[in-house]
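The lines below spell out each chain.
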Amino acid sequence: MKFWDSSAIVPLVANEENTDYCLKALADDPKMLIWCLSRVEVMSALCRRVRDGLMGPDEFKKSKERLTVILGKVAEVSAVERVRSRALRLLEVHPLRAADACQLAAALVCVQEDPERLTILCFDHRLESAALKEGFVVNPPNTVI
């Protein structure tokens with residue numbers, strides 16, 4: 001089981017540079033763990049693509065359908081109060097955006113502060129850097145957005 005950041009979920013539902021990598025990762029290990037608000041982040045990314053003219057209505061509809069199917073099979077970290085508390089600490093020690101702090105906090109809460117128990121899949125450089133400093137293995141290594 002891997003923890004999937006929203007930046008790794010988007011390529012599963014929309015054609016991107018990292019789509020093949022993510023599809024293979026999912027095929028190799030279909031057990032996904034996500035933060036309960038990842039769906040909101042992924043929808044935000046898809047809506048932004050539509051607004052920016054990078055995705056048409058038909059592709060948007062298909063992406064939403066794929067998202068529903070994929071997220072119907074995941075395990076979610078939903079301990080909001082514990083994640084919030086941990087995210088506040090993470091913001092003080094890492095240059096993270098709020099959503100990324102919540103992603104990393106959810107992973108930490110899930111493994112009860114033992115990051116060696118879980119690999120994080122992400123494509124966000126700041127989140128990757130913070131996750132590595134917290135002791136997680138991050139795949140793919142050396143990603144940059």
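As shown above, the structure is provided for reference.
None of these values were measured; they are calculated from a predicted model. (Residues numbered from 1 in each chain as written. Predicted model: local features only at pLDDT ≥ 70, side-chain atom pairs only at ≥ 80, totals over all residues. Heavy atoms only, no water.)

(A) Local environment of unusual backbone geometry. Positive phi values are uncommon outside glycine, yet Q112 reaches one of about 50 degrees. Of note in the backbone geometry, E113 takes a positive phi value of approximately 65 degrees without being a glycine. Position of E113 relative to the elements: it lies in the loop between α6 (98-110) and β4 (119-121). (Helix = DSSP H or I, 4+ residues; strand = E, 2+ residues; numbered from the N terminus.)

(B) Structural view of the nonpolar core. Among the nonpolar cores identified, the biggest contains 24 residues, and F3, L104, I120 and F136 are the most heavily contacted of them. Put simply, the parts of the chain that give this core at least two residues each are β2 (32-35), α5 (80-93), α6 and α7 (125-134). Excluding anything up to four places from it in sequence, I120 contacts F3, L104, A107, A131, F136, V137, V138 and N139. (Core = buried A, V, L, I, M, F, W, Y, C linked by side-chain atoms within 4.5 Å. Buried < 20%, exposed > 50% of the residue type's maximum accessible area, 1.4 Å probe, protein only. Contact = heavy atoms within 4.5 Å.)

(C) A look at the pairing of β2. Side-chain alternation along β2 places M32 and I34 on one buried face and L33 and W35 on a second face that is also buried. Where strand β1 (residues 2-4) meets β2, 2 bridges bridge the pair, whose relative direction is parallel. When the sheet's bridge partners are listed, F3 is paired in β2 with L33. By the bridge criterion, 3 bridges tie β2 to strand β3 (residues 75-77) in an arrangement that is parallel. Considered in β3, the bridge of I34 is made with E76. (Pairing = 2+ DSSP bridges.)

This is a description of form; function is not addressed.
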